[in-house]
Amino acid sequence: MKVAITSTGNTLESKLDQRFGRCAFFVIYDTETGGTEFIPNPNKDALNGAGPASVQIVASRNVSKIISGEFGIKIKSLLDSLKIQMIVIKDTEKTIQDIINMLNQ
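Residues numbered from 1 in each chain as written. Predicted model: local features only at pLDDT ≥ 70, side-chain atom pairs only at ≥ 80, totals over all residues. Heavy atoms only, no water.

Caption draft 1: Local environment of helix H3 (residues 96-103). Buried within H3 we find Ile96, Ile99 and Ile100. Around the axis of H3, the buried residues are gathered within 100° of arc, so they sit on the same side. Those residues of H3 hidden inside the fold are in contact with strand S1 (2-7), strand S2 (25-30), strand S3 (36-40) and strand S4 (65-68). (Buried < 20%, exposed > 50% of the residue type's maximum accessible area, 1.4 Å probe, protein only. Helix = DSSP H or I, 4+ residues; strand = E, 2+ residues; numbered from the N terminus. Arc of directions from axis to C-beta. Contact = heavy atoms within 4.5 Å.)

Caption draft 2: Highlighting the pairing of S2. Taking burial as the measure, the 6 residues of S2 include 6 buried ones, the bulk of the element. Relative to S2, S1 is paired through 6 bridges, and the arrangement is antiparallel. Within the sheet, the bridge partner assigned to Ser7 lies in S2 and is Phe25. Relative to S3, S2 is paired through 5 bridges, and the arrangement is antiparallel. In the strand pairing of S3, Ile28 is matched with Glu37. What sits between the antiparallel neighbours S2 and S3 is a turn of 5 residues, in which Gly34 has the positive phi angle 80°. (Pairing = 2+ DSSP bridges.)

Caption draft 3: Representation of the environment of Val88 within the structure. As for its placement among the helices and strands, Val88 is situated in strand S5 (residues 85-88). In the structure, Val88 is positioned 37 residues away from Gly51 in sequence and 15 Å away in space, judged by C-alpha atoms. Setting aside its immediate chain neighbours within four residues, Val88 contacts Ser68, Gly69 and Phe71.

Caption draft 4: Seen up close, the sheet that holds S1. One open sheet holds the 5 strands; their spatial order is S3-S2-S1-S4-S5, and the pairing between them is mixed. Of all the strands in the sheet, the pair left with one neighbour each is S3 and S5. Each strand of the sheet is rotated relative to its neighbour by a mean of 20°, with strand direction disregarded. Docked against the sheet, helix H1 (residues 50-59) engages S1, S2, S3 and S4, running at close to 30° with respect to S2. The strands that H3 touches are S1, S2, S3 and S4; relative to S1, the one it contacts most, it runs at about 155°. (Axes fitted to C-alpha atoms, helices over the stretch in contact; angles between N-to-C directions.)

Caption draft 5: Spotlight on the environment of Glu93. In this fold, Glu93 is placed in the loop between S5 and H3. The exposure class assigned to Glu93 is exposed, which follows from its relative accessible area of 52%. In this structure the C-alpha to C-alpha distance between Glu93 and Asp17, which are 76 residues apart in sequence, comes to 9.8 Å. Residues within four places of Glu93 in sequence aside, it is in contact with Lys15 and Asp98.

This is the structure:
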């Protein structure tokens, strides 16, 4: 299963980015292979439409879940229609490695 995680940077020590549509990077983590891919978010500075455009990026990677600090109001119905689960983690100190460790438990 592939999981998208919003990240402030492009390392496993980076923190979870609390913003979905405007996060710095998306980490695509494959729970079966353990592989990670860091994707810069081209929508982070968009004036509007960052959320839906970001959904397109992660949906194109066939993710089943997205982990972020928060999701915009327009995103929930879009993700529901794509059958992608949203997981909200409010802990700003969690690193990408912490989240991957939680996924593997």
